[in-house]
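Now for the letters of each chain:
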Amino acid sequence: MIEATSRRLWEEDESELRITDICQETNPSTSVIYGNFRSRQGLINASLLHIFALVTDEVIENLAATASHSRSAGSFLDTLFNLLADADYQTRLNRQRQMFFRVSATALSRPRIRPGFLELYDRYIKRADAIYEELLEGASRVQSSRRASGRCSSRARCSVGPFTTSRPIGTTKTTVCAVPT
């Protein structure tokens, strides 16, 4: 039921969603839907959270795959650029963004789904932060290696693939510049 409702919410506004249409598609009676979700709004809320989980999972999977591929290819920005230059991916990404913001706005205005939304959002942010931290650690190791080999002085601007920093590693958290050098 949640899958069918989620598919419909990708294509239409929730005001256009009818329980009888969901029942025809999934075969349960309306009493089963109302028994499980208590109301049409309950089904919609559960479906919106499901959509948000799907969207954030796909964003994280793409980010992780891009980060992983960039380690072997050498440049996170080059890999990310190639992904974003793909027209099919761009269309999907635009739709994901729309749903991300639609669900976010809806969740923040509905107290009943706000806790579930915030839990999913927190999970999403932690996963994204972990990927970025891994990228920074990799850049820091390469930068330290360059300094140790004399190819980059601690006072000079040091470039590591797409990452650029102008202060020695270990002084404070490294600032990342997303400008390839």
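Below is a short write-up of the structure. No experiment lies behind these values; they were computed from the predicted model shown.

## Remarks on the side chain of Glu14
Reasoning step 1: Summarising the element assignment, Glu14 is placed in the loop between helix H1 (2-11) and helix H2 (19-26).
Reasoning step 2: Once you skip the residues sitting within four places of it in the chain, Glu14 turns out to touch Leu9, Arg40, Gln41, Ile44, Leu48, Arg102, Thr106 and Arg110.

## Overview of the layout of surface pockets
Reasoning step 1: Here the largest pocket is characterised by a volume of approximately 370 Å³.
Reasoning step 2: As for the largest pocket, its lining consists of 18 residues, of which Val59, Tyr89, Leu93, Arg97 and Tyr124 are closest to the centre.
Reasoning step 3: Of all the secondary-structure elements, those providing two or more residues to the lining of the largest pocket are helix H4 (40-73), helix H5 (76-85), helix H6 (87-109) and helix H7 (114-148).
Reasoning step 4: Split into classes, the residues belonging to the lining of the largest pocket amount to 14 nonpolar, 3 polar and 1 charged.

## Looking at the packing of aromatic side chains
Reasoning step 1: Per the stated rule, a full pass over the model turns up 7 aromatic pairs.
Reasoning step 2: With a centroid separation of 5.4 Å and 80 degrees between ring planes, the pair formed by Phe100 and Phe101 is classed as edge-to-face.
Reasoning step 3: For Phe100, a relative accessible area of 16% corresponds to the buried category.
Reasoning step 4: Using a relative accessible area of 55% as the deciding quantity, one classes Phe101 as exposed.
Reasoning step 5: Centre to centre, the rings of Phe117 and Tyr121 are 6.0 Å apart; their planes meet at 25 degrees, and the pair counts as stacked. Linking Phe117 with Tyr121, this pair stays in helix H7, spanning 4 residues, or about one helical turn.
Reasoning step 6: On the accessibility criterion, Phe117 (4% relative accessible area) is buried.
Reasoning step 7: Among the residues examined, Tyr121 registers a relative accessible area of 33% and is labelled partly exposed.
Reasoning step 8: Site record: aromatic cluster; members linked through ring pairs are Phe52, Phe100, Phe101, Phe117, Tyr121 and Tyr124.

## Concerning the pattern of salt bridges
Reasoning step 1: This model, assessed by the stated rule, comprises 8 salt bridges.
Reasoning step 2: Linking Arg127 and Asp57 is a salt bridge whose minimum nitrogen-to-oxygen distance equals 2.7 Å. With Arg127 in helix H7 and Asp57 in helix H4, this pair connects stretches of sequence that are 70 residues apart.
Reasoning step 3: Classification of Arg127 by relative accessible area gives partly exposed; the value is 29%.
Reasoning step 4: Residue Asp57 is classed as partly exposed on the basis of its relative accessible area, which comes to 22%.
Reasoning step 5: Salt bridges sharing partners connect three or more residues here, namely Arg7, Arg8 and Glu25.

## Things to note about the environment of Asp86
Reasoning step 1: Secondary-structure assignment places Asp86 in the loop between H5 and H6.
Reasoning step 2: In this structure the side chain of Asp86 is engaged in a polar contact, spanning 3.0 Å, whose partner is the backbone nitrogen of Asp88.

## Quick word on H2
Reasoning step 1: What H2 keeps buried is the set Ile19, Asp21, Ile22 and Cys23.
Reasoning step 2: Of the residues flanking the end of H2, it is Asn27, one or two places downstream, whose phi is positive at about 80 degrees.

## Structural notes on the environment of Arg114
Reasoning step 1: Looking at where Arg114 falls in the secondary structure, it is placed in helix H7.
Reasoning step 2: On a C-alpha basis, the gap between Arg114 and Leu49 in space is 9.5 Å, while along the polypeptide they are 65 residues apart.
Reasoning step 3: Ignoring sequence-local partners within four residues, the contact set of Arg114 consists of Ala107, Leu108 and Ser109.
Reasoning step 4: Within the local environment of Arg114, its side chain forms a polar contact with the backbone oxygen of Leu108, the two atoms lying 2.8 Å apart.

What counts and how
- Residues numbered from 1 in each chain as written.
- Predicted model: local features only at pLDDT ≥ 70, side-chain atom pairs only at ≥ 80, totals over all residues.
- Heavy atoms only, no water.
- Helix = DSSP H or I, 4+ residues; strand = E, 2+ residues; numbered from the N terminus.
- Contact = heavy atoms within 4.5 Å.
- 1 Å grid on protein atoms, 1.4 Å probe; cavity = no way out; pocket = protein on both sides within 12 Å on 5 of 7 lines; lining within 4 Å.
- Points joined across faces, edges and corners; volume = space filled by probe spheres on them.
- Nonpolar A, V, L, I, M, F, W, Y, C, P; charged D, E, K, R; others polar.
- Phe/Tyr/Trp six-rings, centres within 6.5 Å; stacked < 30°, edge-to-face > 60°.
- Buried < 20%, exposed > 50% of the residue type's maximum accessible area, 1.4 Å probe, protein only.
- Salt bridge = Lys/Arg side-chain N within 4 Å of Asp/Glu carboxyl O.
- Polar contact = N/O pair within 3.5 Å; in protein donor to acceptor, adjacent residues only side chain to side chain.

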